[in-house]
Amino acid sequence: MELIKYDAPVVECDNFEICEEEAWFLVFVAVLLGLGASVVLGAAVWCLIQGKGSFTGGVKWDSGLNVNIECK
């Protein structure tokens, strides 16, 4: 019986230039998500504290995306 030699595959991890050049996009998306979450959480807190009042608001884009916030 003959033994078969197995060579493990080698992964090269020295391709950091692409990650560094595209990192600004991830930071930009994270900032937008943070701002959006702040607006929604602020509206929810305001609605809970000011139970008497009401507000409605929304944004609609040409692509069909529609975001509405309502508190009554």
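Residues numbered from 1 in each chain as written. Predicted model: local features only at pLDDT ≥ 70, side-chain atom pairs only at ≥ 80, totals over all residues. Heavy atoms only, no water.

Engineer: I'm lost on the overall build of the chain in this one. Help?
Structural biologist: Broken down by element type, the chain carries two helices and two strands. In sequence order, the chain lays out its α and β elements as α-α-β-β. Taken as a whole, the chain presents about 7200 Å² of accessible surface, with 64% of it coming from carbon and sulfur. (Helix = DSSP H or I, 4+ residues; strand = E, 2+ residues; numbered from the N terminus. Areas by Shrake-Rupley, 256 points an atom, 1.4 Å probe, with all protein chains shown as cover.)

Engineer: I'm lost on the packing of aromatic side chains in this one. Help?
Structural biologist: For any pair of aromatic rings, geometry is given as the distance between the ring centres together with the angle between the planes. In this structure the tally under the stated criterion is one aromatic pair. Ring geometry for Trp 24 and Phe 25: centres 5.9 Å apart, planes at 85 degrees, overall edge-to-face. (Phe/Tyr/Trp six-rings, centres within 6.5 Å; stacked < 30°, edge-to-face > 60°.)

Engineer: Just checking my understanding: could you explain a nonpolar patch on the surface for this structure?
Structural biologist: Among the surface-exposed residues, Trp 24, Phe 25, Leu 26, Val 27, Phe 28, Val 29, Val 31, Leu 32, Leu 33 and Leu 35 lie close enough to one another that they form a single nonpolar patch of about 1000 Å² accessible area. For Phe 25, a relative accessible area of 45% corresponds to the partly exposed category. (Patch = residues over 30% accessible without salt bridge, like charges linked within 9 Å, V, L, I, M, F, W, Y side chains within 5 Å. Salt bridge = Lys/Arg side-chain N within 4 Å of Asp/Glu carboxyl O. Buried < 20%, exposed > 50% of the residue type's maximum accessible area, 1.4 Å probe, protein only.)

Engineer: Explain the layout of surface pockets to me, please; I cannot follow it from the model alone.
Structural biologist: Over the atoms, a rolled probe matching the size of one water molecule traces out where space is still vacant. Considered as a void within the structure, the largest pocket measures approximately 160 Å³ in volume. Lining the largest pocket are Gly 36, Val 39, Val 40, Gly 57, Gly 58, Val 59, Trp 61, Leu 65, Val 67 and Ile 69. Here the residues of the lining of the largest pocket sort into seven nonpolar, three polar and no charged. (1 Å grid on protein atoms, 1.4 Å probe; cavity = no way out; pocket = protein on both sides within 12 Å on 5 of 7 lines; lining within 4 Å. Points joined across faces, edges and corners; volume = space filled by probe spheres on them. Nonpolar A, V, L, I, M, F, W, Y, C, P; charged D, E, K, R; others polar.)

Engineer: Before we go on, may I ask you to explain the confidence of the model for the chain in this structure?
Structural biologist: Close inspection of predicted coordinates is inappropriate for parts of the model with low pLDDT. Per-residue pLDDT for the chain has a mean of 78; in total, 81% of the residues score no lower than 70. Least confident of the elements in the chain is helix H1 (residues 16-21), whose mean pLDDT is 62; most confident is helix H2 (residues 23-49), at 84. (pLDDT = per-residue confidence, 0-100.)

Engineer: Just checking my understanding: could you explain the environment of Lys 72 for this structure?
Structural biologist: Structurally, Lys 72 is set in the segment after strand S2 (66-71). You can call Lys 72 exposed: its relative accessible area is 76%.

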